[in-house]
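Chain by chain, the residues:
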Amino acid sequence: IFPWMNHYHAIIAHSDGAEPNQRITLEAETIKQAGELFAAKYGKEAVLKVWQDYFETKFRGYTE
C-alpha cells in the first residue's frame, strides 16, 4: 500500500522581478520532503514559506 500524498504549497521568490512572489503546489508525503523538493527545484534561498492546507487535508479524510 502506498502512503497518501499530500498537497503542499510554497511561496517562491523570483529574482527576475517579473513575479516577485509566486505560489507553487506539489505533492509529497511529508512537509519536510516538500521543503526539500521545493529547495531542489527553485533553490533554498527562493523558498520563503512551505505549508499544508489544513482544510484540504481534513476534507480528503487523512492527516500526515
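Everything below is about the structure printed above this text.
Bear in mind that the values here come from a model prediction, so they are computed numbers and not experimental data.

Novice: Break down the overall build of the chain for me, citing the residues and quoting the values.
Specialist: When helices and strands are counted, the chain shows two helices and three strands. For the chain, the residues scored as buried account for 22% of the 64 residues in total. Across the chain, contacts joining residues at least 24 apart in sequence account for 46% of those joining residues at least 6 apart. Counting every atom, the chain has about 4800 Å² of accessible surface; 57% of that belongs to carbon and sulfur.

Novice: Any details on the packing of aromatic side chains? Residues and values, ideally.
Specialist: Under the definition given, this model contains zero aromatic pairs. The ring of Trp51 has Lys49 sitting right over it, with the charged end atom 5.4 Å from the ring centre.

Novice: Summarise the pattern of salt bridges; cite the residues concerned and give the values.
Specialist: One pass over the full model with this rule turns up one salt bridge. Taking the shortest distance from any N to any O, the salt bridge between Glu36 and Lys32 comes out at 3.9 Å. Residue Glu36 and its partner Lys32 are located together in helix 1 (residues 31-42), separated by four residues, close to a single helical turn. Look at Lys32 and you get exposed, because its relative accessible area is 61%.

Novice: Give me the lowdown on the environment of Ala39, citing residues and values where you can.
Specialist: Within the secondary structure layout, Ala39 lies in helix 1. Owing to a relative accessible area of 23%, Ala39 belongs among the partly exposed residues under this scheme. Each C-alpha atom, one on Ala39 and one on Ile12, is 9.5 Å from the other, the two residues being 27 residues apart in sequence.

Novice: Tell me what's going on with the side chain of Asn6, and back it up with residues and numbers.
Specialist: Tracing the sequence through the fold places Asn6 in strand 1 (residues 6-13). For Asn6, a relative accessible area of 2% corresponds to the buried category. Polar contacts involving the side chain of Asn6 include one to the side chain of Tyr8, which spans 3.5 Å. Only 3.5 Å separates the side chain of Asn6 from the backbone oxygen of Glu29, close enough to count as a polar contact.

Each value, and the rule that gives it
- Residues numbered from 1 in each chain as written.
- Predicted model: local features only at pLDDT ≥ 70, side-chain atom pairs only at ≥ 80, totals over all residues.
- Heavy atoms only, no water.
- Helix = DSSP H or I, 4+ residues; strand = E, 2+ residues; numbered from the N terminus.
- Buried < 20%, exposed > 50% of the residue type's maximum accessible area, 1.4 Å probe, protein only.
- Contact = heavy atoms within 4.5 Å.
- Areas by Shrake-Rupley, 256 points an atom, 1.4 Å probe, with all protein chains shown as cover.
- Phe/Tyr/Trp six-rings, centres within 6.5 Å; stacked < 30°, edge-to-face > 60°.
- Lys NZ or Arg CZ within 6 Å of the ring centre and 35° of its normal.
- Salt bridge = Lys/Arg side-chain N within 4 Å of Asp/Glu carboxyl O.
- Polar contact = N/O pair within 3.5 Å; in protein donor to acceptor, adjacent residues only side chain to side chain.

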